[in-house]
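# Fold and contact review
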Amino acid sequence: MMSAEENRRLTEVGPDKPMGKLLRRYWFPFAGASEFDEKATKPVRLLGEDLVAYRDLDGNYGLLDRHCPHRRADLSNGFVEQCGLRCSYHGWLMRHDGAVIATPYDDTVNPDSPRKHTVKSRAYPVREVAGLLFTYMGPLPAPELPIWGPFKWTGGFCEIVRSDVPCNWLQCQENTIDPVHFEWAHDNWSQRLAGSREYSGTHTKLAFEEADYGHVYRRIREGQEESNELWTMGRLVLWPMGFFLGEHFEWHIPVDDENSLNISWFYSRPPKGVGPYEQQRVPTWESPIKDEKGAWITSHVINQDIVAWVGQGRIADRTKENLALSDRGVVMLRRAYTEEMKRVEEGHDPRWVIRDPALAECIPLPYVGRTIGGDQMTLEQWKEHPYLKLRLSDHRHCAGQPRRVREEFALAMGMDR
Ligand code: FES
Ligand SMILES: [Fe+2]
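What counts and what doesn't
- Numbers given to residues run from 1 along each chain, matching the order in which its sequence is written.
- Written order decides the labels, with chains lettered from A and ligands numbered from 1.
- pLDDT decides what is reported in this predicted model: residues at 70 or higher carry local features, side-chain atom pairs at 80 or more are listed and counted, and totals for whole chains, interfaces and linings draw on all residues regardless.
- Hydrogens and waters are ignored; side-chain quantities use all the structure's heavy atoms.
- Any two strands are treated as partners once DSSP identifies two or more bridges connecting them.
- Secondary structure counts use DSSP, requiring at least four H or I residues in a row for a helix and at least two E residues in a row for a strand, with both numbered from the N terminus.
- A helix is expected to span 1.5 Å for every residue after the first.
- Exposure categories follow from relative accessible area, calculated using a 1.4 Å probe and restricted to protein chains: below 20% of the type maximum is buried, above 50% is exposed, and the middle band is partly exposed.
- What the arc covers is the set of directions going from the helix axis to the C-beta atoms.
- Throughout, a contact is declared for two residues whenever any of their heavy atoms are within 4.5 Å.
- Among buried residues, the Ala, Val, Leu, Ile, Met, Phe, Trp, Tyr and Cys ones that are joined through side-chain atoms within 4.5 Å form a nonpolar core.
- Note: domain ranges come from an automatic or database domain assignment.
- The angle between two axes is taken between their N-to-C directions and runs from 0 to 180 degrees, where each axis is a line fitted to C-alpha atoms and a helix contributes only its stretch in contact.
- Roughly parallel means an angle under 35 degrees; roughly antiparallel means over 145; roughly perpendicular covers 65 to 115; every other angle is labelled oblique.
- Left-handed describes a crossing whose near helix is turned anticlockwise from the far helix through less than a right angle; right-handed describes the clockwise counterpart.
- Under the convention adopted here, Pro, Cys and the residues Ala, Val, Leu, Ile, Met, Phe, Trp and Tyr are nonpolar, Asp, Glu, Lys and Arg are charged, and Gly plus all remaining residues are polar.
- A donor here means an N, O or S atom no more than 2.8 Å from the metal, or no more than 3.2 Å when the metal is Na, K or Ca. Since water is not included, a site may seem to lack partners.
- All geometry calls rest on donor angles, where a four-donor set with angles between 85 and 135 degrees is tetrahedral, four- and six-donor sets with opposite donors more than 155 degrees apart and all others between 65 and 115 are square planar and octahedral, and all else is irregular.
- In summary, the charge assignment counts Lys and Arg as positive and Asp and Glu as negative, without counting His or the chain termini.
- Salt bridges are counted wherever a side-chain nitrogen of Lys or Arg sits within 4 Å of a carboxyl oxygen of Asp or Glu.
- Defined here as a combined quantity, buried area equals the accessible surface (1.4 Å probe) lost by two parts on assembly, summed across both.
- Any N or O atom pair separated by 3.5 Å or less is treated as a polar contact, with the protein-specific requirement of one donor-capable and one acceptor-capable atom, and with residues adjacent in sequence counted only for side-chain atom pairs.

A word on the sheet that holds strand β2 (residues 41–46). Taken in spatial order, the 4 strands line up as β2-β3-β4-β9 in an open sheet, and their pairing is antiparallel. A single partner strand is all that each edge strand has here, and the edge strands are β2 and β9 (123–124). Sheet topology places strand β3 (residues 49–55) next to strand β4 (residues 61–65); 5 bridges connect them, and they run antiparallel. Note that in β4 the partner of Leu51 across the bridge is Asp65.

Here you go:
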């Protein structure tokens with residue numbers, strides 16, 4: 001059984017906490033670039049730190065201390081300039097590396113003062129990949145940003161979906177290495193929603209192992225052979241906060257100890273004979289977790305996950321758990337975090353920090369489901385396929401896809417022909 005102290009060690013993400021220090025050693029996504037198309041500044045909270053993200057007129061992204069280094073005004077109320085973010089209180093101008101490059105009154109009356117060169121805003125680097133904005137909040141020099149193979153795919157339709165989740169990040173991430181929940185929280189629950197009392201195929205065999213860039217789970221369900229890709233290849237739980245499911249990624253980013261950001265990147269291949277699709281901009285949309293009456297939305301896959309995570313409490317009390325055989329992956333993951341927190345404390349890079357630029361350039365990942373990627377079948381065949389046909393009417397994973405995004409998806413998939 002886990003002690004309260006161990007639970008705190010695994011879940012607390014502040015800058016002086018062991019897990020906070022470990023997670024700060026990795027690049028992670030925190031927004032979609034298209035979120036800045038209409039409003040150039042946005043307040044964000046990451047790993048317990050209040051920050052402001054922005055895109056200036058030159059196209060530089062910045063992630064700065066939310067409060068101005070002058071007298072602490074809220075920089076999310078500021079405005080962007082050609083280069084940098086200007087505080088709207090007295091006009092100080094900060095660059096994306098945190099340098100203060102203008103202090104208007106002082107510059108006028110005492111232009112030779114060296115003072116502004118000694119003041120800096122807290123600043124973290126930001127890079128855009130495949131429409132996602134990644135940051136790194138750890139000690140310098142920053143490691144390489146891994147470019148996962150799918151980010152180089154072309155000819156399909158991408159979208160980014162985000163949800164604010166009111167619970168600690170670890171219970172979200174533990175879910176990624178918990179295959180049995182798929183049978184219950186998704187399949188059987190969806191059957192109940194559809195009015196059926198049927199049960200889906202039960203899990204008969206599970207395996208978990210360490211792998212390149214994370215952990216892999218393998219599973220067999222009733223009626224499946226060991227030739228099934230979910231057994232031969234398995235799914236990759238991407239270290240330390242992600243999950244790769246073949247045609248989408250999910251990340252569970254700590255906002256603070258009691259809140260998380262669920263951010264997902266989806267890729268849809270057009271049906272055979274359609275495309276390639278030339279996407280101009282990767283849309284980002286917010287998926288609600290509750291309906292207008294305040295009830296949990298449980299109709300979509302990720303919403304079903306979120307209900308499970310939030311139901312465990314703001315920070316799951318692991319001292320009261322009774323772990324079972326289905327939890328071997330969860331135990332493996334917790335042990336890995338514990339080992340890597342220790343490595344960081346001993347002054348080493350933790351696992352899968354990449355410092356070789358050539359390696360980071362394009363990293364292939366195990367891709368379960370390639371054979372049912374949409375491009376293997378015509379649109380007519382999609383309509384008959386048990387999984388693909390669902391994509392023709394709604395976003396399968398996240399509730400609330402905006403109409404403009406659905407319309408672009410339909411265009412990309414050739415549905416309007
Ligand atoms: S508080 Fe920002 S310029 Fe004064
Ligand atoms: Fe799930």
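Back to the text.
Turning next to helix α8 (residues 328–345). Given a rise of 1.5 Å per residue, 18 residues ought to cover 26 Å, and the 26 Å separating the end C-alpha atoms of α8 matches this to within 8%. Regarding α8, the residues found buried are Gly329, Val330, Leu333, Arg334, Ala336, Tyr337, Glu340, Met341 and Val344. Buried residues along α8 cover an arc of 155° about the axis, so they all sit on one side. The secondary structure elements touched by the buried residues of α8 are α1 (4–11), α2 (18–23), α4 (169–174), β13 (203–211) and β14 (214–221). Just downstream of α8 lies Gly347, where phi reads positive at about 90°.

So, on to the nonpolar core. In this structure, Phe30, Phe151 and Trp251 are the most contacted members of the largest nonpolar core, which totals 70 residues. Here this core takes 6 residues from α8, the largest share from any one element. Counting residues domain by domain, this core receives three or more from each of domain 1 (34–135) and domain 2 (149–412). Ranked by size, the runner-up nonpolar core spans 23 residues in total, among them Val165, Trp285, Phe409 and Ala412.

This paragraph deals with the packing of helix α5 (residues 180–193) against helix α7 (residues 301–311). Helix packing geometry: the angle between the two helix axes and the distance between the axes. α7 packs onto α5 with a crossing angle of 120° between their chain directions and a minimal axis gap of 10 Å. Put simply, α5 runs oblique to α7. You can see that α5 and α7 cross each other, and the crossing is right-handed. Residues His181, Ala185, His186, Trp189 and Ser190 of α5 pack against Val301, Gln304 and Asp305 of α7. Residues belonging to the contact of α5 with α7 are distributed by class as follows: 3 nonpolar, 4 polar and 1 charged.

Here we take up the coordination of the iron ion (ligand 2). Expected angles at a metal are 109.5 degrees for tetrahedral coordination by four donors and either 90 or 180 degrees for octahedral coordination by six donors. The coordination sphere of the iron ion (ligand 2) contains the protein donors His181 (NE2), His186 (NE2), Asp305 (OD) and Asp305 (OD), at a distance range of 2.0 to 2.6 Å. Geometry at the iron ion (ligand 2) is irregular, judged from the 4 donor atoms that bind it and their angles of 54 to 142° at the metal. Of note, the donors binding the iron ion (ligand 2) are all from one chain and are spaced H-x4-H-x118-D. Here His181, found in helix α5, pairs with Asp305, found in helix α7; they are 124 residues apart in sequence, far enough to count as distant. The exposure classification of His181 matches that of Asp305, with both residues buried.

Attention now moves to α5. For α5, which comprises 14 residues, the first-to-last C-alpha distance of 19 Å matches the rise-based estimate of 20 Å (1.5 Å per residue) to within 8%. Looking only at α5, the buried set comprises His181, Glu183, His186 and Asn188. Close packing links the buried residues of α5 with β13, β14 and α7. A positive backbone phi angle near 85° is found at Gly195, which sits one or two residues after α5.

To continue, consider the pairing of strand β10 (residues 126–129). The sheet contact formed by β10 and strand β11 (residues 132–135) spans 4 bridges and is antiparallel. Bridging from a neighbouring strand, Val126 pairs with Thr135 of β11.

Time to look at the side chain of Glu408. Relative to the helices and strands, Glu408 resides in helix α12 (residues 403–412). Of the side chains with opposite charge, Arg404 lies nearest to the buried Glu408, which makes no salt bridge, at 6.6 Å. When sequence neighbours within four positions are dropped, the list of residues in contact with Glu408 reads Phe157, Tyr277, Gln279, Arg281 and Pro283.

Another aspect to go through is the domain arrangement of the chain. If you check the domain split of the chain, you get domain 1 (34–135) and domain 2 (149–412). The gap between the C-alpha centroids of domain 1 and domain 2 is 33 Å. Listed by partner, the interface residues are 16 residues for domain 1 and 14 residues for domain 2. Together domain 1 and domain 2 conceal approximately 1,200 Å² of surface at their shared face, both sides included; 57% is due to carbon and sulfur atoms. Summed over the three residues of domain 1 that lose the most area to domain 2, namely Ser34, Ala130 and Leu132, the buried surface amounts to 38% of that side. Here domain 1 is connected to domain 2 by 3 salt bridges. Linking domain 1 with domain 2 are 9 residue pairs in polar contact (both at pLDDT 80 or more), by the criterion used here. Mapped onto the side of domain 1 that touches domain 2, the elements with two or more residues apiece are β2, β10 and β11. Looking at the side of domain 1 that touches domain 2, the element that brings in the most residues is β2, giving 3 residues. Counted by class, the side of domain 1 that touches domain 2 contains 7 nonpolar, 3 polar and 6 charged residues.

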